[in-house]
Amino acid sequence: MTAPTHLSCGTLAYLAGCAFVDRQPQLPELAMVGLGSLLPDVDSPRSLLGKLLFFLSDRIERRFGHRTITHSFVGMVLVALLALPVVPRMGVGPWAALLIGYFAHLLGDICTKQGIQCYWPMAVWGVFPMKEPYRLATGSRMEAAVLLLSLLANLAIAPVATAGTSRTMHYLNRSAYGAIDDYYELGPGRRTFVHLEGVLAGSERRITGRFQVIGGLSQASLLVQMDSGLAVVGVDGDSQVK
């Protein structure tokens, strides 16, 4: 695969992971994902990273060849060990992001015509699928289609990963439960608003609009500012807005 496809697929794997564990993406981690997505190709002077590190890529290619040690599980373990010093300085996130990008690169190249020596030093080439016509040719129209699809998937999943899966589901469901959970997770100390559609208990006056949250009364209700004063919004029997 080419560098743009590796970068896009590595980013997609990272964003999907963030969405899955409900964790917001971080810029340092995105940078490490990009590095990890390109790092296995340091064994080729013709690659993007190989051109920058030509003094290293020339030696690796002459000694081991392309898609061997750096495209193997052994190479990934070595990178993981060499990158351990970043953990005390930057935390586990960037270290894990580097390995996500690296592993995504291996998965991408194993789906190409040539495959990779993922079990190096064993001279066994790993490929998937097994039938050669179904595998990608580097730089082909099929790879261009994979790149386009991965870019579209990145655009689709980036808002979910940024907002968080649970908050995205709360937004789509538009329930009082979701609004209250989001407030207690993010709202205290911030200027927070909630969109309401309902009726005011007693008067049965319809309530529609965007109102500021003054605070939380319990884990099941919020106090909001309305034109007529304060009102309780929640999921218990004391709520004034239904």
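In short, a report on the structure. Note that this is a predicted model, so its numbers are computed, not measured.

1. Notes on helix α1 (residues 3–21)
Residues lying three or four places apart along an α-helix face the same way, a consequence of the helix completing one turn every 3.6 residues.
Phase 1: Relative to the 27 Å expected for 19 residues at 1.5 Å per residue, α1 spans 27 Å between its end C-alpha atoms, a close match to the ideal helical length.
Phase 2: Buried residues of α1: Thr5, His6, Ser8, Gly10, Tyr14, Leu15, Cys18 and Ala19, and no others.
Phase 3: Positive backbone phi, approximately 60°, marks Asp22, located one or two places after α1.

2. A word on the layout of surface pockets
Phase 1: A volume near 830 Å³ is recorded for the largest pocket.
Phase 2: As for the largest pocket, its lining consists of 28 residues, of which Ala179, Asp182, Phe193, Val194 and His195 are closest to the centre.
Phase 3: At the level of elements, α9 (165–173), α10 (176–186), β1 (193–200) and β4 (229–234) are the ones that each hand at least two residues to the lining of the largest pocket.
Phase 4: It is α10 that provides the largest number of residues to the lining of the largest pocket, a total of 6 residues.
Phase 5: A class-by-class count of the residues in the lining of the largest pocket yields 13 nonpolar, 8 polar and 7 charged.
Phase 6: Here the second largest pocket is characterised by a volume of approximately 260 Å³.

3. Some words on the pairing of strand β3 (residues 221–226)
Phase 1: Summarising burial for β3: 5 of the 6 residues are buried, a large majority.
Phase 2: Between strand β2 (residues 205–218) and β3, which follow one another and run antiparallel, lie 2 residues.
Phase 3: Two strands pair when backbone bridges link them, and β3 and β4 are joined in this way by 6 bridges, in the antiparallel orientation. Bridge assignment links Leu222 to a residue of β4, and that residue is Val233.

4. Some details on the side chain of Thr168
Phase 1: Turning to its location among the elements, Thr168 is positioned in helix α9.
Phase 2: Discounting residues that sit within four places of it in the chain, Thr168 has contacts with Pro159, Val160 and Ala163.

5. Considering the environment of Gly198
Phase 1: Within the secondary structure, Gly198 sits in strand β1.
Phase 2: For Gly198, a relative accessible area of 6% gives the class buried.
Phase 3: Separated by 24 residues in the primary sequence, Gly198 and Leu222 place their C-alpha atoms 15 Å from one another.
Phase 4: Leave out the neighbours within four places in its chain, and Gly198 touches Arg205, Arg206, Ile207 and Lys242.

Parameters at a glance
- Residues numbered from 1 in each chain as written.
- Predicted model: local features only at pLDDT ≥ 70, side-chain atom pairs only at ≥ 80, totals over all residues.
- Heavy atoms only, no water.
- Helix = DSSP H or I, 4+ residues; strand = E, 2+ residues; numbered from the N terminus.
- Expected span 1.5 Å × (residues − 1).
- Buried < 20%, exposed > 50% of the residue type's maximum accessible area, 1.4 Å probe, protein only.
- 1 Å grid on protein atoms, 1.4 Å probe; cavity = no way out; pocket = protein on both sides within 12 Å on 5 of 7 lines; lining within 4 Å.
- Points joined across faces, edges and corners; volume = space filled by probe spheres on them.
- Nonpolar A, V, L, I, M, F, W, Y, C, P; charged D, E, K, R; others polar.
- Pairing = 2+ DSSP bridges.
- Contact = heavy atoms within 4.5 Å.

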